Amino acid sequence: MLDVPLEERLPSTQISVADVSDIAQGAAFLGTGGGGDPYIGRLMAEHAIRTYGMPKIIQVDDLHDDAVVFTVAMVGAPTVMLEKGISGDDIDLSINRLAQVIGKMPDAIAPIEIGGINSMLPIAAAARLGLPLVDCDGMGRAFPEIQMVTYNVHGVSCTPAVVVNEHLETVVVETSSAKRAEDIVRVVAIQMGLSVLFSAYPMSGKQIKDFSIRETLSVAAGIGSALRRGRQQGDPVNSLLNYLRSTKYFKHCKVLFDGKITDLERSASKGFSTGHCQVSSVEKPNEWVTIRFQNENLVVEKLGKIIAIVPDLISIVDSESAQPITVESLKFGQRVKVIGTSAAPIMRTPEALAVFGPAAFGFEEEFQKLEEIHQDTE
Amino acid sequence: MRIGIDVGGTNTDAVLMDGRMVVSSHKTPTTANISDGVITAISRILDRAAVSAEELDAVMIGTTQFTNAFVERRNLLPVGVIRLALPATAGLPPMIDWPADIAKVIGTHCYMVRGGYEFDGRVISPLDELAIKRAAVELRNLGVKAVAICGVFSPINPDMEERAAAIIQQEIPGVAVTLSSRIGRISLLERENAAIMNASLTDLSRKVVTSFRHALTQLNIKAPFHISQNDGTLMTADFVEKYPVLTFASGPTNSMRGAAYLSGVKDALVVDIGGTTTDIGMLIKGFPRESTMAVDIGGVRTNFRMPDVISLGLGGGSVVNPTDATNIGPLSVGFRLTEKALVFGGDTLTTTDIAVAAGYADVGDKQRVAHLSSDVINSAVQRIHALIADGVDRMKTSVEPVPLIMVGGGSILVNQDIPGTSDLIVPENASVANAIGASIAQVGGVVDKVYSYERMGRKQSIEDAKHQAIAVAVEAGAVKETVEVIELEEIPLSYMPGNAVRLRVKTAGELSLC
């Protein structure tokens, strides 16, 4: 039964070690250049499953309206996470301490961010604590800041929230806005060692039903599975696009450009890896696109015209293997394909755009839906 | 005068160099005890050149013995692994992602103890010396003779690893200890894996270095000898005995550096066509462009810097489908070319046969391929060139035409211009490019550190890193005036305070021979 891919085994089923590998690969694609390297997250999730058993995955509609759901994620610097990972007890305490503050244990765990390493942490948490994991998240991709989630867009309070490190030092955060929580947690995380667990956005089942982006764990698994099978058949990019077109939200997708990285500028600005890269066509050297990023890829421009923009997803993948490439791994000369994918409708509303649209990243340009920009070519 | 030797899995190649000139060269099968093959190769080149051992200034050796041993799971020792990290990293135990077969050889003697550093040098926990002592006693009772020690953020502060080593050495007489801080970079698992791999090669490294020393003694060679490491620079024999893992990529690196040297071109593509595969790499300032991907050696993930080389399933022995001549390789007759190929009286149509039939190679008996139709010949020739052209295109970083240096015995397969290239250079002595690369190797220094641009400023940070890298090269034996910066990499680190940037500076200079 378990060799049938996860996305075909829904709605209620378990996450196996094999599934983790697919989800991690899909999460790397959804990371849009950021989100941290899922590799160690994958190993930690696999280790948790082997030690504690497979966690159950449930759909948003399986929850009672008054169920209690906590989210959990890792916060810190990816470089530090690569050295320190997690201890395990820190995950347990982040949930247990928040439960103490709220007054009850959660009925389920939900991801905050499906892109990158934070697709893996909730799996490890669910396995360790024996709690079901909800197939959803609050970003549908990766974003750099804690307030950039659909939960916050619709007024769910980010706090009370709990930050825990490997020494089991704990900070309980209570603020009036998610942005303030983000600012405080970043400072606290530095003192706590920059590789900490964060449990936040305690929610009701009704709030998850109304405000989450549904089925993103399954989509991550589906992307990973499509890439894996596509590589075996020699065409992972088309396999990926075909899969995305079969999903509810990510179905508008295309290869925006195919070429080599011919310019790359990156700097550390306010703690984020900021800059741009240029991808030039191999056959027609006078054709290129420029991608601007701040940890995640945010805008693609061609001849002064925007051809994809946040919150729509922009991923840079290796031309042949379709392996997603993080902003920190971009290198001059890499042969890549730039893939644009539509974001879920709940992420494109005016309220959502105010929190994580172009303006939130300092861009003057307005958001335009990927499928509208490219309507003549889809 | 210097000697360059490459001890490969199949062949031992040697060259005698007088300045820039190749005086003599020889290729002989690698022997099981290594020293016999080395003695044969060196004796031949000295005899042919009528040069005596006293006239030699230096001997440089490149070898893939260690990579091969690890990949083939042979001559490896079980290793005790001690990680200084708790309470951090507990969710990510050592060897967590190792393939079962190699894990069985190495054993699962892993210990995690309190210790390690934070990103800014603070201590995670004070080092648990008692736990290390207890681990050492257990390892001693198990008869484990090689230990790998890995501490969190040890590349920024090796003190705890060194203290742990002292305790281990006190408890286990004759133990070989590898400190991860000496061989690896940031990223715990990859660095720990490299340390474990290194420790497992302890016995083999002693045997191999001893056999090199023995060979040179037998030949009465008193000149100093050095061994090439991953990036083509040199290490002393003593250093290699302790850090064999640093030789892993030296083979392909030396081949490419030899190609650069022979052609006199520093920025070019290098196409090395062998019997079964064609390796294509890119030379920048005389050194191979390095790969950015995590490197998997024998199924174990590491972050060694390796040359960025793509491998095509095309070589001189590649089998050509007679009914569809565009179907070439990856199957190859390999070293059995001289019995299997048509021109040598065999029954298999190979690319070498095509080259002879097309008239641009003259080996074997060309009458034996006179029956091939011009369709078959042309299709195969087009396909061969298309495969190489595609590989070349994948390696180029811009659309500008780039010189192409061709080395390897299979270079007879190419007879037309490859699109995107400006010149085709087939240097003499290309078949021993790897030994030549070893002989011209320089002494290098690498500094890989995190700087805070907020605290130190960009300019000063870069100057500091360069200064340190030059000092490392000089300490390793380089002539100070010849040391140059050959690579500078700046990677901003996200989410870290103080505008943190990782600077990696690589320098190289001529080996001081006095």
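Residues numbered from 1 in each chain as written. Chains lettered and ligands numbered in written order. Predicted model: local features only at pLDDT ≥ 70, side-chain atom pairs only at ≥ 80, totals over all residues. Heavy atoms only, no water.

Brief notes about the packing of helix α4 (residues 89-102) of chain A against helix α5 (residues 121-129) of chain A
Residues and elements named next belong to chain A. For the pair α4 and α5, interaxial distance at closest approach is 10 Å and the crossing angle is 80°. Classed by the angle they form, the pair α4 and α5 counts as roughly perpendicular. Facing α4, whose interface residues are D89, I91, D92, I95 and N96, α5 presents L121, A124, A125, R128 and L129. (Axes fitted to C-alpha atoms, helices over the stretch in contact; angles between N-to-C directions. Helix = DSSP H or I, 4+ residues; strand = E, 2+ residues; numbered from the N terminus. Parallel < 35°, antiparallel > 145°, perpendicular 65-115°, else oblique. Contact = heavy atoms within 4.5 Å.)

A word on the pattern of salt bridges
In total, this model carries 46 salt bridges over all chains according to the counting rule given. A cluster of three or more residues bridged by salt bridges with shared partners is formed by B:D231, B:E290, B:E487, B:R504 and B:K506. (Salt bridge = Lys/Arg side-chain N within 4 Å of Asp/Glu carboxyl O.)

Here we look at the packing of aromatic side chains
Residue and element names in this part refer to chain A. Evaluation of the coordinates by the stated rule reveals 7 aromatic pairs over all chains. Note on F143 and F356: the rings are 4.8 Å apart at their centroids and 25° apart in plane angle, and the pair reads as stacked. Linking F143 in the loop between β6 (136-137) and α6 (150-153) with F356 in helix α11 (residues 350-356), this pair joins segments that are 213 residues apart in sequence. Overall, F143 belongs to the buried group, its relative accessible area being 3%. Taking the relative accessible area as the measure of exposure, F356 reaches 0% and is therefore buried. Ring pairing ties together the aromatic residues F143, F356 and F361, which thus form one cluster. (Phe/Tyr/Trp six-rings, centres within 6.5 Å; stacked < 30°, edge-to-face > 60°. Buried < 20%, exposed > 50% of the residue type's maximum accessible area, 1.4 Å probe, protein only.)

Considerations on the packing of helix α1 (residues 17-30) of chain A against helix α2 (residues 38-52) of chain A
Residues and elements named next belong to chain A. Look at α1 against α2: their axes get within 10 Å of each other, and the N-to-C directions meet at 160°. Our classification of the angle between α1 and α2 gives roughly antiparallel. α1 and α2 meet at a crossing whose hand is right-handed. Seen from α1, the contacting residues are V17, V20, S21, A24 and A28; seen from α2, they are P38, R42, A45, E46, I49 and R50. The class makeup of the residues in the contact of α1 with α2 is 7 nonpolar, 1 polar and 3 charged. (Left-handed = near helix turned anticlockwise from the far one by under 90°. Nonpolar A, V, L, I, M, F, W, Y, C, P; charged D, E, K, R; others polar.)

Quick look at the nonpolar core
General note: in soluble globular proteins, nonpolar side chains tend to be found buried as a group. One finds A:I123, A:V134, A:F198, A:Y201 and A:I208 to be the most contacted residues of the largest nonpolar core, which totals 152 residues. Of the domains in this structure, domain 2 (80-200) and domain 3 (441-509) of chain B are the two that each give at least three residues to this core. Leaving out residues up to four positions away in the same chain, A:Y201 has contacts with A:V69, A:T71, A:I112, A:I146, A:Q147, A:V149, A:Y151, A:N152, A:V156, A:S157, A:C158 and A:A178. Counting residues in each nonpolar core, the second largest holds 63 residues, with B:A14, B:V81, B:V240 and B:F304 among its members. (Core = buried A, V, L, I, M, F, W, Y, C linked by side-chain atoms within 4.5 Å. Domains from an automatic or database assignment.)

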